[in-house]
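Per-entry structural report
Chain by chain, the residues:
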Amino acid sequence: MASREEMSTSFGAASAAYDVGRPEYPAESVAFLLAPLEGRARVADVGAGTGKLLRSILRVRDVDAVAVDPDAAMLETLAERTPGVGRRVGTAEQLPLEDASVDAVVMGQAWHWVEPVAGSREIGRVLRPGGGLGLIWNVRDERVVWVHKLTHILHASSAEEMIADGHIPIHEPFGELEKHVFEWERVMTRSDIESMVRSRSYFITAPEADQERMISEVGVLLDGLGVVGEQTIAMPYVTKAFRATRP
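Heads up: these notes are all about the structure in this document. What you see is a predicted model, and the numbers here were worked out from it, not measured in a lab. (Residues numbered from 1 in each chain as written. Predicted model: local features only at pLDDT ≥ 70, side-chain atom pairs only at ≥ 80, totals over all residues. Heavy atoms only, no water.)

By the definition in use, this model includes 15 salt bridges. Between arginine 55 and aspartate 19 there is a salt bridge, and its shortest N-O distance comes to 2.9 Å. Here arginine 55, found in helix 4 (residues 52-60), pairs with aspartate 19, found in helix 2 (residues 15-21); they are 36 residues apart in sequence, far enough to count as distant. Both residues of the pair, arginine 55 and aspartate 19, count as buried. The partner of glutamate 24 in a salt bridge is arginine 59, with the nearest N and O atoms 2.4 Å apart. One end of the pair, glutamate 24, is in the loop between helix 2 and helix 3 (27-34); the other, arginine 59, is in helix 4, and 35 residues separate them in sequence. (Salt bridge = Lys/Arg side-chain N within 4 Å of Asp/Glu carboxyl O. Helix = DSSP H or I, 4+ residues; strand = E, 2+ residues; numbered from the N terminus. Buried < 20%, exposed > 50% of the residue type's maximum accessible area, 1.4 Å probe, protein only.)

Across the junction of glutamate 172 and proline 173, the peptide omega takes the value 15°, indicating a cis bond. Within the secondary structure layout, proline 173 lies in the loop between helix 8 (158-165) and strand 6 (178-189). With phi around 45°, alanine 100 is a residue other than glycine that occupies positive phi space. Within the element layout of this structure, alanine 100 appears in the loop between strand 3 (86-89) and strand 4 (102-108). Given the relative accessible area of 35%, alanine 100 is considered partly exposed.

Spatial strand order, 3-2-1-4-5-7-6: seven strands in an open sheet with mixed pairing. Looking at the sheet topology across the chains shown, the edges are occupied by strand 3 and strand 6. On average, adjacent strands in this sheet sit at an angle of 20° to one another, irrespective of strand direction. In the sheet, strand 4 pairs with strand 5 (residues 127-140) via six bridges, with the strands oriented parallel. (Pairing = 2+ DSSP bridges. Axes fitted to C-alpha atoms, helices over the stretch in contact; angles between N-to-C directions.)

Burial within strand 7 (residues 232-245) is extensive, with eleven of its 14 residues counted as buried. As paired elements, strand 5 and strand 7 share nine bridges and run antiparallel to each other. Paired with isoleucine 136 across the strands is alanine 241, a residue of strand 7. In this sheet, strand 7 lies alongside strand 6 in antiparallel orientation, the contact comprising twelve bridges. When the sheet's bridge partners are listed, glutamate 178 is paired in strand 7 with arginine 243.

Another point: the packing of aromatic side chains. For the structure shown, the criterion picks out two aromatic pairs. Aromatic side chains tryptophan 137 and phenylalanine 242 sit 5.9 Å apart centroid to centroid with 75° between the ring planes, which places their arrangement in the edge-to-face category. Here the residue tryptophan 137 occupies a position in strand 5, and phenylalanine 242 occupies one in strand 7, the gap between them amounting to 105 residues. For tryptophan 137, a relative accessible area of 1% gives the class buried. On the accessibility criterion, phenylalanine 242 (7% relative accessible area) is buried. (Phe/Tyr/Trp six-rings, centres within 6.5 Å; stacked < 30°, edge-to-face > 60°.)

Geometry only, nothing functional implied.
Pasting the structure below:
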């Protein structure tokens, strides 16, 4: 099994599948993250990936954005989908940003990969006083039986484990997190779901035989649900958003 570090930097190998298979973020949840900001803010999307959260933000609010990700391949896909946005290679623990240079740092599907003490300290460094940290996850709603079966096939991700635990670890200079929960559905084709499967770090880093087994088992599940050809199914999601302010 791949190490946590290998899994955290595996996504560039499947950037196209990631961009197709992963959902963007509901406007209501994004608005919650951005609500404390005033005027035209400078926002750093850290762990930006292919730009799912960034594009969701730009649809909600006009901001001066910069995308940071440890994987240059992911940033290349982001550039194709979101031209004109500044891009820098880096991590939450080592940000390529100047002191007190941004009004907000946001992270979508990413904080569970971060060492929380070092990440909190480094994000606090680049935020202006009164700036905000926003963390957000789209999590499949496993209260739905077929979704629970899907996760059993794929194995729970680090994000799903953190959200299930209910504890989001952040440290100084941040205090208590405010929370926002939003339930919604994403209509997906069989191809969309297979792309989502192929975008997961557990799948990307698995041996080829295990990858083939997972795809086969997901196919059997979708067959049983009648999701064949261009048929679609509503994937239920719960988006959980958290925000904190730098003193």
